[in-house]
Structures are given as structure tokens and as C-alpha cells.
Amino acid sequence: MNLHNPATDLPAANALPVSAPREAPGTPAQQAFRAAVEQVEGLRQRLREVRQEQAEARRRYWQQVGPAAATVVEARRALFGPLEEALLLDYFSRLEHRQIQEVIVGNARALQDRFGEDAEDILRKYAPRRRVEEAEDAPASEAPTPTIDPNLPPHEQAAAHARTRRKSKAQKAEEAAAQQAREEQQRLLSNTKTLYRQLARLHHPDLARDPAAQQQKTALMQRITEAYETNDLYTLLQLLSEAGPAEATDDDVLARYTQALHQQTTELKQQLNALKFGENGFFGSTGKKREQEIRQLKRHLRAEAEYLAHVRQRMLEPDGLREVLRQLAAEGHETV
């Protein structure tokens, strides 16, 4: 009797026929273009996910830290009254008047930079020299103002605007060069009419004889027309990537589109890194470590609010303010 032994009777795994991987349809230029579109779409989706995650993390963060931060903001704003009143007194020397102004300016910048509070009126009033220096350092061709994420809370938007105003000449020149590169890529992709015509040649309903295929092409042509009328380049490029093989003469055009998509890939990666690791990033820590950081920050904010209230009480009297100024000078600080 012959028994079947699967260990010996079946062919070895390496002896089994292996089907060759199916090659993607189209020319190499078309394949590269489709791969670039897929990569951009993946990054765009990840960017949307990260923004949602960070929005939720930011909401929880400010829900816990916000009240303590608001107390510090209120305490800092309360310092302006006695400090400005002191400038009207003949009690203080010219040097002390200058020091009081430095305290006012430093307090305004702390409100603006740390908490995103609008303190431009104070800075315009007491820091004119800084504005003149910034105007002298500004490049001849002013760099375009970066777009601030409108989804950020108002205090974070104000802080972002403050950081933009403080950018150095080199930073502004670098941003201007990056903006010029983006505009050049946009010009490269801006010929939507050519793209529309190319898609229309591939998907026009009149080219289909089968009623079902004609109905499908009609719906697709509607998408193409809507994207063209709204100047939605990305949708047109997606539709082009999904199309079947085109004429070989289109390879040069596809190569330029692919180059532009690679530039967009780089920019999307930079945006992701900025979200994760930038100044407003909420990915530095998670879980227990994040909770510990929040508790520590709340303790510091409460201590700062108490200290500011104590300082303000001393500033209400000229002698007390003079003593505060002496302590700041001895410690090498310009502001509280």
C-alpha cells in the first residue's frame, strides 16, 4: 500500500512556480507620475490626521492650563497702570524713567510672546526705537507674510504673528526664496486648460459606444469639468493619474507634473515636521509624562501670578517701585 506523505511527495516551496509581478500599465513617466500622486495624497491624509490629533491635544491642554495662564495674563496687565502712572511723577530720575519703560516693554513682550496677547499698542508707545531698527533690517523686497493657521486658538495666532514680526533679515530672505520656488512650481502646474483637454480626450462620453461605459464617462467628465471650472489642479492630476496610458508625446508634460508633485511632497513633509516638532507641536510627550508637565506648568503659573500680584502691590508706592527697580538691576533683569 502506497501512503501519501506530504513532506516528501509535494514539491519544495522553492520549486513551485512563482507568478511574475504585474507591471503597472503605462510608460515609466506615467508610472512615476502616479506614484508621486499617491505619495502626495498619503501625506495630505496624514497631515489631516495630525491636525485633528493636535487640535484635540491642544484643546485638552488649554482646558487644563488655560485658567492658570489667564490669571498670569491678568496679573501682568495689571502692572501697566502703576508703571505708566510712575512715568508722570517727578519722583524718579531720568535713568529710572528709562528703566520703567524697559519694564513696561518687557512685560508687553511677555504677554505677546508667551501668551499671544495683543500688546502692540504698548510696544508702539514705549518701544519706537525697536520699530526703527526693524524697518532698517527689513529686506528691500519684503518677504510675504506666512499664513497663520486659522484653526489655532486666538492667543496662539497672536503669538505666531509676533514671532513673524521678529524674524531676522536672513530668515525673511530664506522665506522669500522658498516662496519664489513655490510660485514657480505653481506656474508649472497652472496650465489647467492643457490638463483639461488631455483628460477630455481620454474620457469624453462620445468616445464610448457601450451605453454603460458612456454613462460612466459622462459622470467622470462631469468631475473633470467641475475641477477645471474651480481650478482644482490636484483633482485634475489625480484623475490624470487614474487614466489609462496616454500618448508617448505626453511624457514630457507628465515629467514636469511629477517634478512639481515632488516639490509638494517636500513641503508637506516640512509641514508635518513643523506640526510634530515645532513651537506649537503637541507631540513632545504623552501619557503620564504629559500630565506631569502640565501639573508642573500650572504650579509655575500660579507662583508667577502670586509674585506679580506682590510686585504690583509694591509698585503702588514710589518707594516700593524704586526698590523693585533696584532689585531687577541687581539681578540683571529688565522686566519682571
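Structure: above.
Described below are features of the structure shown in this document.

About the cut-offs
Residues numbered from 1 in each chain as written. Predicted model: local features only at pLDDT ≥ 70, side-chain atom pairs only at ≥ 80, totals over all residues. Heavy atoms only, no water. Helix = DSSP H or I, 4+ residues; strand = E, 2+ residues; numbered from the N terminus. Buried < 20%, exposed > 50% of the residue type's maximum accessible area, 1.4 Å probe, protein only. Contact = heavy atoms within 4.5 Å. Areas by Shrake-Rupley, 256 points an atom, 1.4 Å probe, with all protein chains shown as cover. Salt bridge = Lys/Arg side-chain N within 4 Å of Asp/Glu carboxyl O. Phe/Tyr/Trp six-rings, centres within 6.5 Å; stacked < 30°, edge-to-face > 60°. Core = buried A, V, L, I, M, F, W, Y, C linked by side-chain atoms within 4.5 Å.

### Comments concerning the overall build of the protein
Phase 1 of the analysis: Scanning the protein from N- to C-terminus turns up 13 helices and zero strands.
Phase 2 of the analysis: Along its sequence from the N terminus, the protein presents helices and strands in the succession α-α-α-α-α-α-α-α-α-α-α-α-α.
Phase 3 of the analysis: Across the 336 residues of the protein, 33% fall into the buried class.
Phase 4 of the analysis: At a minimum sequence separation of 6, the contacts of the protein that also span at least 24 residues come to 71%.
Phase 5 of the analysis: A total accessible area of about 21,600 Å² is found for the protein, and carbon and sulfur atoms account for 50% of it.

### Some points on the pattern of salt bridges
Phase 1 of the analysis: The final tally for this structure, using the stated rule, is 11 salt bridges.
Phase 2 of the analysis: Put simply, Arg59 and Glu56 hold a salt bridge, and the shortest N to O gap is 2.7 Å. A residue pair is termed a helical-turn pair when its members lie 3 or 4 positions apart in one helix, as Arg59 and Glu56 do in helix 2 (residues 28-86) at three residues.
Phase 3 of the analysis: Judged by its relative accessible area of 33%, Glu56 falls in the partly exposed class.
Phase 4 of the analysis: For the salt bridge of Lys125 with Glu84, the shortest nitrogen-to-oxygen distance reads 3.3 Å. Here Lys125 is found in helix 4 (residues 120-126), whereas its partner Glu84 is found in helix 2, with 41 residues between them in sequence.
Phase 5 of the analysis: On the basis of relative accessible area, Lys125 is assigned to the exposed category, the value being 54%.
Phase 6 of the analysis: One network of salt bridges, with partners in common, ties together Glu41, Arg44 and Arg48.

### Notes on the packing of aromatic side chains
When we look at a pair of aromatic rings, we describe it by the centre distance and by the angle of the planes.
Phase 1 of the analysis: For the structure on display, the rule yields three aromatic pairs.
Phase 2 of the analysis: Note on Tyr91 and Phe92: the rings are 5.1 Å apart at their centroids and 85 degrees apart in plane angle, and the pair reads as edge-to-face.
Phase 3 of the analysis: Exposure remark for Tyr91: the relative accessible area of 35% places this residue in the partly exposed category.
Phase 4 of the analysis: Since its relative accessible area comes to 6%, Phe92 is described here as buried.

### So, the nonpolar core
Phase 1 of the analysis: Formed by 36 residues in total, the largest nonpolar core has its most connected members in Leu83, Ile100, Ile104, Leu301, Met315 and Leu321.
Phase 2 of the analysis: Secondary structure elements with two or more residues in this core: helix 2, helix 3 (94-115), helix 4, helix 12 (287-315) and helix 13 (318-331).
Phase 3 of the analysis: For this core, the element with the highest residue contribution is helix 2, accounting for 11 residues.
Phase 4 of the analysis: Those residues in contact with Ile104, other than ones at most four positions away along the chain, are Phe80, Leu83, Glu84, Leu87, Ile122 and Tyr126.

### Remarks on the side chain of Thr265
Phase 1 of the analysis: One can find Thr265 in helix 11 (residues 251-277).
Phase 2 of the analysis: On the basis of relative accessible area, Thr265 is assigned to the buried category, the value being 4%.
Phase 3 of the analysis: Beyond its immediate chain neighbours, meaning those up to four positions away, Thr265 contacts Gln39, Val40 and Leu43.

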